[in-house]
Amino acid sequence: MNKKQNILKIVQLISAVALIVSVFVAIDLGINYASALVPALNDGMGFRSILHGFLRIFGDGVMQLEDFFFAFEKSLWIAFFIMVENIVLALYIRYHKPKGTDEQLK
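Residues numbered from 1 in each chain as written. Predicted model: local features only at pLDDT ≥ 70, side-chain atom pairs only at ≥ 80, totals over all residues. Heavy atoms only, no water.

**Details of the overall build of the protein**
And step 1. Scanning the protein from N- to C-terminus turns up five helices and zero strands.
And step 2. Listed by position from the N terminus, the elements making up the protein come as α-α-α-α-α.
And step 3. Entry remark: accessible area of the protein is about 7,800 Å², with carbon and sulfur atoms responsible for 69%. (Helix = DSSP H or I, 4+ residues; strand = E, 2+ residues; numbered from the N terminus. Areas by Shrake-Rupley, 256 points an atom, 1.4 Å probe, with all protein chains shown as cover.)

See the structure below:
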């Protein structure tokens, strides 16, 4: 493997970790949004978010249902684009081999 392939592998690893984190955030925000849809369960707007519990990402202010939805929607789009990036990187690494190597001859 040459230097370019090593850099691509590192970028792919970082992108995979970013995908795992973004999917976790999207799931967490989705659960939070779903619990906000039924305020009777929470005696108002409740936080069921792990991220809010540890990182206080929503702050301590009052949030509306639309705020939960927009945060969830943004997290889904971010996870989708990181997933597409991972697919493109994987395909590029798989089909773009350096010239003159034994791997290309097989």
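**Notes on a nonpolar patch on the surface**
And step 1. On the surface, Trp77, Phe80, Phe81, Met83, Val84, Ile87, Val88, Leu91 and Tyr95 cluster together to form a nonpolar patch covering roughly 930 Å² of accessible area.
And step 2. Tracing the backbone through its elements, the reader meets Trp77 in helix α4 (residues 65-95). (Patch = residues over 30% accessible without salt bridge, like charges linked within 9 Å, V, L, I, M, F, W, Y side chains within 5 Å. Salt bridge = Lys/Arg side-chain N within 4 Å of Asp/Glu carboxyl O.)

**Observations concerning the nonpolar core**
And step 1. Counting five residues, the largest nonpolar core is built from Leu29, Tyr33, Ala36, Phe68 and Phe72.
And step 2. Listing elements by their share of this core, those giving two or more residues are α1 (3-37) and α4.
And step 3. In terms of residues, this core owes the most to one element, α1, which gives three residues. (Core = buried A, V, L, I, M, F, W, Y, C linked by side-chain atoms within 4.5 Å. Buried < 20%, exposed > 50% of the residue type's maximum accessible area, 1.4 Å probe, protein only.)

**Section: the confidence of the model for the protein**
And step 1. When pLDDT is averaged along the protein, the result is 78, and 69% of the positions lie at 70 or above.
And step 2. No element of the protein has a lower mean pLDDT than helix α5 (residues 102-105), at 51, and none a higher one than α4, at 89. (pLDDT = per-residue confidence, 0-100.)

**Details of the environment of Val17**
And step 1. Along the polypeptide, Val17 turns up in helix α1.
And step 2. Taking the C-alpha atoms as reference points, Val17 and Ile82, separated by 65 residues in sequence, lie 9.9 Å from one another.

**A word on the packing of aromatic side chains**
And step 1. Taken as a whole, this structure holds six aromatic pairs when the rule is applied.
And step 2. Aromatic pair Tyr33 and Phe72: ring centres 6.1 Å apart, planes at 15 degrees, arrangement stacked. Separated by 39 residues along the polypeptide, Tyr33 in helix α1 and Phe72 in helix α4 bring together distant segments of the chain. The exposure classification of Tyr33 matches that of Phe72, with both residues buried.
And step 3. Every member of this aromatic cluster is reached through a ring pair, and the members are Tyr33, Phe69, Phe70 and Phe72. (Phe/Tyr/Trp six-rings, centres within 6.5 Å; stacked < 30°, edge-to-face > 60°.)

**What to know about α4**
And step 1. Its 31 residues place the ends of α4 45 Å apart at the C-alpha level, agreeing with the 45 Å of an ideal helix rising 1.5 Å per residue.
And step 2. Listing the buried residues of α4 in full gives Phe68, Phe72, Ser75, Ala79, Ile82, Asn86, Leu89 and Ile93.
And step 3. Of the surrounding secondary structure, the elements contacted by the buried residues of α4 are α1. (Expected span 1.5 Å × (residues − 1). Contact = heavy atoms within 4.5 Å.)

**Brief notes about α1**
And step 1. Here α1 contains 35 residues, and its C-alpha end-to-end distance of 51 Å stays within 8% of the 51 Å for a straight helix at 1.5 Å per residue.
And step 2. With a side-chain oxygen lying 3.3 Å from the backbone nitrogen of Lys4, the N-terminal cap of α1 falls on Asn2. (Polar contact = N/O pair within 3.5 Å; in protein donor to acceptor, adjacent residues only side chain to side chain.)

**Looking at the packing of α1 against α4**
And step 1. Running from N to C, α1 and α4 point in directions that differ by 155 degrees, and their axes come no closer than 8 Å. Between α1 and α4, the interaxial angle falls into the category roughly antiparallel. You can see that α1 and α4 cross each other, and the crossing is left-handed.
And step 2. Looking at the contact of α1 with α4, its residues break down into 26 nonpolar, eight polar and three charged. (Axes fitted to C-alpha atoms, helices over the stretch in contact; angles between N-to-C directions. Parallel < 35°, antiparallel > 145°, perpendicular 65-115°, else oblique. Left-handed = near helix turned anticlockwise from the far one by under 90°. Nonpolar A, V, L, I, M, F, W, Y, C, P; charged D, E, K, R; others polar.)

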